[in-house]
Amino acid sequence: MKRYKFIIKLSDGNEIQAISVGNSRDEAVERLLALPQTTEFIGSAQVINAALVGEEVVRPVPVDRFVLQRANDSNWWVVGDPEGMFVIRFQEHDFNGTRKITYLKDTSSNALAEARVFREIPEWLQLYHSEVL
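Notes on the structure follow. Everything numeric in this text was worked out from a predicted model, so none of it was measured. (Residues numbered from 1 in each chain as written. Predicted model: local features only at pLDDT ≥ 70, side-chain atom pairs only at ≥ 80, totals over all residues. Heavy atoms only, no water.)

**What to know about the overall build of the chain**
Okay, step 1: A tally of regular secondary structure across the chain gives 4 helices and 7 strands.
Okay, step 2: What you see in the chain, going N to C, is helices and strands ordered as β-β-α-α-β-β-β-β-α-β-α.
Okay, step 3: Seen along its three principal axes, the alpha-carbon backbone of the chain occupies a region of about 50 × 35 × 25 Å.
Okay, step 4: For the chain, the residues scored as buried account for 37% of the 133 residues in total.
Okay, step 5: Contacts spanning at least 24 positions in sequence make up 50% of the contacts within the chain whose residues lie at least 6 apart.
Okay, step 6: Working note: accessible area of the chain is about 7800 Å², and carbon and sulfur atoms make up 49% of it.
Okay, step 7: Treating the 15 positive side-chain charges of the chain as one cloud and the 19 negative ones as another, the clouds have centres 4 Å apart. (Helix = DSSP H or I, 4+ residues; strand = E, 2+ residues; numbered from the N terminus. Buried < 20%, exposed > 50% of the residue type's maximum accessible area, 1.4 Å probe, protein only. Contact = heavy atoms within 4.5 Å. Areas by Shrake-Rupley, 256 points an atom, 1.4 Å probe, with all protein chains shown as cover. Lys, Arg positive; Asp, Glu negative; His and termini not counted. Charge placed at Lys NZ, Arg CZ, Asp CG, Glu CD.)

**Focus: the environment of K5**
Okay, step 1: You can see K5 is positioned in strand β1 (residues 2-10).
Okay, step 2: Residue K5 is classed as partly exposed on the basis of its relative accessible area, which comes to 41%.
Okay, step 3: Not counting chain neighbours up to four residues away, the residues in contact with K5 comprise A18, I19, A51, L52, V53 and G54.

**Let's talk about the nonpolar core**
Okay, step 1: One finds L68, V79, F90, I121 and L125 to be the most contacted residues of the largest nonpolar core, which totals 30 residues.
Okay, step 2: Those elements that place two or more of their residues in this core are β1, β2 (15-22), α1 (25-34), β5 (76-80), β6 (86-91) and α4 (111-128). (Core = buried A, V, L, I, M, F, W, Y, C linked by side-chain atoms within 4.5 Å.)

**Details of the sheet that holds β1**
Okay, step 1: Taken together, the 3 strands give an open sheet; going across it, the order is β2-β1-β3, and neighbouring strands pair in antiparallel fashion. In this open sheet, the two edge strands, each paired with only one partner strand, are β2 and β3 (47-57). When the angles between neighbouring strand axes are averaged without regard to direction, this sheet yields 25 degrees.
Okay, step 2: When β1 meets β3, the two strands line up antiparallel, connected through 9 bridges. Following the sheet pairing, K2 is matched in β3 by V57. (Pairing = 2+ DSSP bridges. Axes fitted to C-alpha atoms, helices over the stretch in contact; angles between N-to-C directions.)

**Considerations on α1**
Okay, step 1: Looking only at α1, the buried set comprises A28, V29, R31 and L32. Taken around the axis of α1, the buried residues stretch over an arc of 160 degrees, which confines them to a single face. Facing away from the buried side of α1, by more than 90 degrees, are the exposed residues E30 and A34.
Okay, step 2: On the buried face of α1, the contacting elements are β1, β2, α2 (36-42), β3 and α4. (Arc of directions from axis to C-beta.)

Now the structure itself:
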C-alpha cells in the first residue's frame, strides 16, 4: 500500500492537489476520482493529466481497527476507535467539512496516540469505506 500525491489538471484550467492511497498509482487515482466531492468539483471538465508528485509506502490500517456506524440522523456517520479515546461524527460525502470530534476520555497524557488515530481514521475510511467520504 502506498500514499500518492497528485496534481490533476482539468480541461477548464482548474487543478486538484490531492493525496490518495492504493496498491498502485492507477488505483489511487481511481479512488480519488470516484469520490463525490471530486466529481462535483470536476463537473463537466475532463482530466487532462494526473501528475504524480510524491509517493510513500504506508502500512495499511487493519480493517478492524475502527468501527463505522450510521448515526441517528440520516446522512451522518460515526467512526470510533476501539480504545475509546473519541468518536468522529461526519456528514456523508463531507468528512473534511463536517467532522465533529467528541472525546470519550482524557487524552492529554497520550498526545502521540491521539495524533496517530487522527491520521489513521481518514486513511482507514478511504481504504475501506470511501463511499461515505
